[in-house]
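Below, each chain spelled out in residue letters.
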Amino acid sequence: MPTQPEMPQTPETDVNKPRYVEVALPLPLRRTFTYGLPVGFGHAVKPGSRLLVPFGKRSITGYAVGLSDELDEASDVDESVVKDAIELLDETPLLTAEILKLTQWTADYYAASWGEVLKASLPAGINAATELIITITEAGRNELLRSANAKPLKIQVLHRLAEQDEIPQRELEKEFGDARVKRAVRELTHSAAVSVHQRSVTNKVKPKYRKAVRLISDANGNAERPLTTSQAAVINTIRSAGGAMIFTDLLARSNVGASVINTLAKRGIVEVFVEEVRRDPLTDVEAAAIGELTLNVEQLFVLSEIERALEPNEFKAFLLHGVTGSGKTEVYIRAMRNALASGRSALMLVPEIALTPIFSRRLRAVFGDEVAILHSNLSPGERFDEWRRIRSGRARIAIGTRSAVFAPLENIGLVIVDEEHDGSYRQQESPFYNARDVAVMRASLAGAVVVLGSATPALESYYNAERGKYHYLQLRNRIGNRPLAIAELIDMREVFKARGKDISLSPQLIDAVRETHARGEQSIILLNRRGFSRFVLCRSCGESLRCKNCDITLTYHKIDGRITCHYCGYSVKTPKACPFCESEFLYFIGEGTEQLEEILARTFPNIRIARIDRDTMSRRGQLAKTLIGFSRGESDMLVGTQMLAKGHDFHNVTLVGVISVDTGLGLPDFRSAERTFQLLTQVAGRAGRGDLPGRVLIQTYYPEHYALRYACEQDYEGFYREETKYRQRLNYPPFVVLASVLIKHSDREYALKNANLLKELLDRANKDIACRILGVSPASLARLKGEYRFHILLKSASRRALRETLDIALDEAESRGCDMRIVFTEIDPVNMM
Ligand code: ADP
Ligand code: ZN
Ligand code: ZN
């Protein structure tokens, strides 16, 4: 705010005026709130502190993002309505200044709530819950003295309170019954006999402590009081363990009772103390002893470029395009070591599942305790401990999945995003953000170097490199000049013609699996994720039915038997015959891949099959076990979905089979070709990583598709050229900016009503027609978890224009009473389902 410099300052302001705090709340609201700071703790609040604040009838945990002595005159906040914060939750702020800045940028860029982004940046379980505390007042004590009848619940409650001063309402409810206590408390509040306030309950995750014992005196007792045999046994046990031991271990090993130890403690021979136990996600991981590798010429060049950029403490972004197996990981590790040596910290992001046990071992071997790991399979306790090791500066290297982009590292010098094209960097729920893009911004805010690495860069990233926004680095060859696996397409139309029935495994693939097994080698079979939506594909010509306007596969809706484009709403009756070849063999894809596993088991009874999918992954440790088992040869075939394609390095795998690649191509998403190309290239990269050559077989009804052709040739450049032409012609990113507004509710009419209002306001806000606004159309998953989903799609050549239109319309919608809780806005949406 431009204030008038000559305005006289009233001298008493600083001392007497209440101070205010700006608080971001973890609610889907695109603004912050002002609270007063009470005398008690107000002075201790700093930006980044968590505060308990009243909001409506509740109190919630918010984040202090700014402090001020006066109310901002520009805001219409009236001093009389400003409420005080209730409690300060942290002595030292959890959030660093850098993270505050980064989350503010993130919220702003994605039109998200700052408070929600802040919450997402902290380890789960750290946010305090609250409880209601009832306290008796002077008036209440007097009422108790006056009352002759002890029967009424009100009086019983007052009695209990008089004994204890204050009691959580929940305890009273347990004692006297929910509804009755609520009523009594209401009445007592009314007569001012009690007061009610909210208090935070301690965090759900806490540091873990345990008792330990250490030797503090060398004395083996003395002449007057010689040691008993059990006492001597205790001391010997501690000594042989190096002078200190965990209490319970000591009990077990010296075979004595606790009293013996306590006596020794009283005599000053041992000391019992409490120490924090670090919950280490890598405890069961032995550090792998890999000798120092000698980098090849390509790796050396790439590394020297990154190291040169690290020197000046300036922002620089690289795109590292290296074929699968070209040794990118080794380059990352060296670069991180370099950042560390120059006194700075480093952050490395990996896709959801890529943090393989093998890779974790390698990290521990190189970085020891300097590395902290943050990923979604950690227990809340482990995550909390790892996070605090980073916050306190004990760990200066953080490796993790999506939300680790907000790891509280200080003095960051290097940010790495491995497999930067990966979809798991995108948060699929509010607050929507793409960790890759946040990572680039983080580096830019911190004057750090960022390296985006991939064998199949996202189209946007390659485009940025082409335009000079990113510096392009390349690793063209596999380590040891191993050839890339040869990929072949199997034309399922031919198989269908020959067999004439529903067949999911081609004879070619069956033979190849048998031959591989006979040679003692392993195979990987990729099942494309079961389609969420159904689309129509012709088994005679392989064409799928697509929208005339958007070139997106049309989604079949059972309710009305029609096929619909969920981008623009175009809809037709499902034809009986293929419009391209007039054959009747229309086939609804999107169901049925589940049975494939059974079919595999039946077809190959002698082959030991291990399986990886969402279910097995959710069981802790199971995934690691399966992968390690497979790498040791305990199974012959690994079957699974997308997650198989990522990062694994199995040397005995010589065959990769891909079943149902068409499911991926048919997803009603403009990125379906890109995703399929990436998936095939990545999965092909799993074959032939050892000394044996690899083979890749891809089953498809549509072998003419350019994504399949280029994937077989491992020709990224060729794919990029063709795909960018398509994107440009149909106005898709990177040539335009997209936003999607999703409206979902269990009541269809209600959802639709709000969607239509939003659409109207968007059209009105789109004054200069700088945006194209498509919809309202049913989302591809028109109904999900009992909710009806509609969406509106915005396209614009200008990010500014798009944001302006959106912001105006959303603000207007809010003031016009549109239900904003059911509206989800996504900027640069990745998964358009
Ligand atoms: P990418 O991440 O590019 O797919 P990796 O980093 O997994 O490739 O490397 C592939 C394999 O080559 C790994 O087993 C790795 O240990 C090995 N490797 C990497 N660099 C070298 C090198 N300079 N010399 C020998 N082996 C290497
Ligand atoms: Zn056809
Ligand atoms: Zn359309």
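Residues numbered from 1 in each chain as written. Chains lettered and ligands numbered in written order. Predicted model: local features only at pLDDT ≥ 70, side-chain atom pairs only at ≥ 80, totals over all residues. Heavy atoms only, no water.

A few words now on the overall build of the protein. Within the protein, the secondary structure is distributed over 28 helices and 33 strands. Burial analysis of the protein (833 residues in total) assigns 54% to the buried set. As presented, the protein carries roughly 38500 Å² of accessible surface, and 50% of it is formed by carbon and sulfur atoms. (Helix = DSSP H or I, 4+ residues; strand = E, 2+ residues; numbered from the N terminus. Buried < 20%, exposed > 50% of the residue type's maximum accessible area, 1.4 Å probe, protein only. Areas by Shrake-Rupley, 256 points an atom, 1.4 Å probe, with all protein chains shown as cover.)

The next subject is the environment of E330. Mapped onto the elements of the fold, E330 is located in helix α13 (residues 328-341). On the basis of relative accessibility, which here comes to 9%, the residue E330 falls in the buried class. E330 sits 37 residues away from L293 along the chain, and the two C-alpha atoms are 8.4 Å apart. Not counting residues within four places of it along the chain, the set of residues in contact with E330 comprises L293, L295, Q299 and R362. (Contact = heavy atoms within 4.5 Å.)

Below, the discussion takes up the site of ligand 1. In the vicinity of ligand 1 there are 16 residues, among which T294, Q299, G325, K328 and D649 approach most closely. Contact between ligand 1 and T294: a nitrogen atom at 2.8 Å from a main-chain N or O atom of the residue. Separating an oxygen atom of ligand 1 from a backbone N or O atom of G325 is a distance of 2.7 Å. Sorting elements by how many residues they give to the shell around ligand 1 places α13 first, with 3 residues. Taken together, the residues of the shell around ligand 1 break down into 4 nonpolar, 8 polar and 4 charged. (Near = heavy atom within 4 Å. Polar contact = N/O pair within 3.5 Å; in protein donor to acceptor, adjacent residues only side chain to side chain. Nonpolar A, V, L, I, M, F, W, Y, C, P; charged D, E, K, R; others polar.)

Time to look at the coordination of the zinc ion (ligand 2). In this structure, C538 (SG), C541 (SG), C578 (SG) and C581 (SG) serve as the protein donors to the zinc ion (ligand 2), at separations of 2.3 to 2.4 Å. For the zinc ion (ligand 2), the 4 donor atoms in the first shell make angles of 104 to 116° at the metal, so the coordination geometry reads as tetrahedral. Classification of C581 by relative accessible area gives partly exposed; the value is 33%. (Donors = N, O, S within 2.8 Å, 3.2 Å for Na, K, Ca; no water. Tetrahedral: all angles 85-135°; square planar, octahedral: opposite > 155°, others 65-115°.)

Moving on, we get to the packing of helix α3 (residues 97-109) against helix α4 (residues 114-121). One can describe the packing of α3 onto α4 by two numbers: an axis separation of 9 Å at closest approach and a directional angle of 130°. Viewed along their axes, α3 and α4 adopt a mutual orientation that is oblique. As for the relative orientation of α3 and α4, their crossing is right-handed in sense. For the pair α3 and α4, contact is made by I99, L100, T103, Q104, T106 and A107 and by W114, V117, L118 and S121, respectively. The residue makeup of the contact of α3 with α4, split by class, is 6 nonpolar, 4 polar and no charged. (Axes fitted to C-alpha atoms, helices over the stretch in contact; angles between N-to-C directions. Parallel < 35°, antiparallel > 145°, perpendicular 65-115°, else oblique. Left-handed = near helix turned anticlockwise from the far one by under 90°.)

Counted by the stated rule, this structure contains 15 aromatic pairs. Here the aromatic rings of Y726 and Y732 are separated by 6.2 Å at their centres, their planes lie at 40°, and the arrangement is tilted. With respect to burial, Y726 and Y732 carry one shared label: buried. Linked through ring pairs, Y462, Y472, F677, Y706, Y716, F719 and Y720 together constitute an aromatic cluster. Taking the ring centre of F247 as reference, the NZ or CZ of K211 above it sits at 4.3 Å. (Phe/Tyr/Trp six-rings, centres within 6.5 Å; stacked < 30°, edge-to-face > 60°. Lys NZ or Arg CZ within 6 Å of the ring centre and 35° of its normal.)

Do not read the fine detail of predicted coordinates wherever pLDDT is low. Mean pLDDT over the protein: 85, with 89% of residues reaching 70 or higher. Predicted confidence is poor over residues 1-17, with pLDDT under 50, and the contacts of this stretch with residues over four places away or in other chains come to 6 contacts. (pLDDT = per-residue confidence, 0-100.)

Attention now moves to the pattern of salt bridges. Using the criterion set out here, one finds 39 salt bridges in the structure. Its salt-bridge partner being R493, residue D491 comes within 3.0 Å of it at the nearest N-O pair. Ionic pairing is found between D807 and R803, a salt bridge with its closest N-O pair at 3.5 Å. One end of the pair, D807, and the other, R803, are both in helix α28 (residues 799-815), 4 residues apart, so they sit about a helical turn from each other. Look at D807 and you get partly exposed, because its relative accessible area is 22%. The buried category is assigned to R803, whose relative accessible area is 15%. Three or more residues joined by partner-sharing salt bridges are found here, namely R160, E163 and E175. (Salt bridge = Lys/Arg side-chain N within 4 Å of Asp/Glu carboxyl O.)

On to the pairing of strand β28 (residues 653-659), then. By the criterion of burial, β28 is predominantly enclosed, with 7 of the 7 residues buried. Here strand β20 (residues 522-527) pairs with β28 via 6 bridges, running parallel. By the bridge assignment, I525 is partnered in β28 with G657. With 4 bridges connecting them, β28 and strand β29 (residues 695-700) associate as parallel partners. Bridge pairing links G657 to L697 in β29. (Pairing = 2+ DSSP bridges.)

Omega for the peptide link from P733 to P734 comes to 5°, which places this bond in the cis form. If you trace the backbone, P734 turns up in the loop between α26 (716-730) and β30 (737-745). At N313, a position not held by glycine, the phi torsion is positive, near 60°. Tracing the backbone through its elements, the reader meets N313 in the loop between α12 (297-310) and β12 (316-322). Residue classification places N313 among the partly exposed positions, given a relative accessible area of 46%.

A word on helix α18 (residues 492-499). Two residues of an α-helix separated by three or four positions point the same way, owing to the 3.6 residues in each turn. Here α18 has its buried residues at M492, R493, V495 and F496. For α18, the buried positions fall inside an angular range of 160° around the axis, keeping them on one side. Away from the buried face of α18 by more than 90 degrees, exposed residues K497 and A498 are located. Where α18 starts, the residue carrying a side-chain oxygen 3.0 Å from the main-chain nitrogen of R493 turns out to be D491. Looking one or two places after α18, you find G500, whose phi comes out positive at around 65°. (Arc of directions from axis to C-beta.)

Turning our attention to helix α22 (residues 622-631). Along α22, the residues classified as buried are L623, T626, L627, I628, G629 and F630. G633 sits one or two residues past α22 and shows a positive phi near 85°.

Let's shift gears to the environment of Y35. With respect to the helices and strands, Y35 occurs in strand β2 (residues 33-37). Judged by its relative accessible area of 4%, Y35 falls in the buried class. Spatially, the C-alpha atoms of Y35 and V23 are 7.2 Å apart, while their sequence positions differ by 12 residues. If near-sequence neighbours (up to four positions away) are discounted, Y35 is found in contact with R19, Y20, V21, V23, L25, V53, P54, F55, V82, K83, D84 and A85. Among the polar contacts listed, one links the side chain of Y35 to the backbone oxygen of P54, at a separation of 2.7 Å.

The subject of this paragraph is the sheet that holds strand β1 (residues 19-24). The pairing of strands in a sheet comes from backbone hydrogen bonds and takes either a parallel or an antiparallel form. Taken in spatial order, the 5 strands of this open sheet run β2-β1-β4-β3-β5, and their pairing is antiparallel. Bordering the open sheet on either side are β2 and β5 (87-88), each of which pairs with just one other strand. As paired elements, β1 and strand β4 (residues 58-68) share 5 bridges and run antiparallel to each other. Its bridge partner being in β4, V21 is matched across the sheet by L67. With respect to the sheet, α4 is in contact with β1 and β4, its orientation differing from that of β4 by roughly 100°.

A separate point is the environment of I490. Structurally, I490 is set in strand β19 (residues 486-491). For the pair I490 and I698, spaced 208 residues apart in sequence, the C-alpha to C-alpha distance is 5.8 Å. Sequence-distant contacts of I490, defined by excluding residues within four places in its chain, comprise V495, S506, Q508, L509, L697, I698, Q699 and T700.

Spatially, β19-β29-β28-β20-β27-β26 is the arrangement adopted by the 6 strands of the open sheet, whose pairing is parallel. Each edge of the open sheet is held by one strand with a lone partner, namely β19 and β26 (609-612). Each adjacent strand pair in this sheet contributes to an overall mean axis angle of 20°, direction not counted. The sheet strands contacting helix α25 (residues 706-713) are β19 and β29, and the helix crosses β19 at an angle near 150°.

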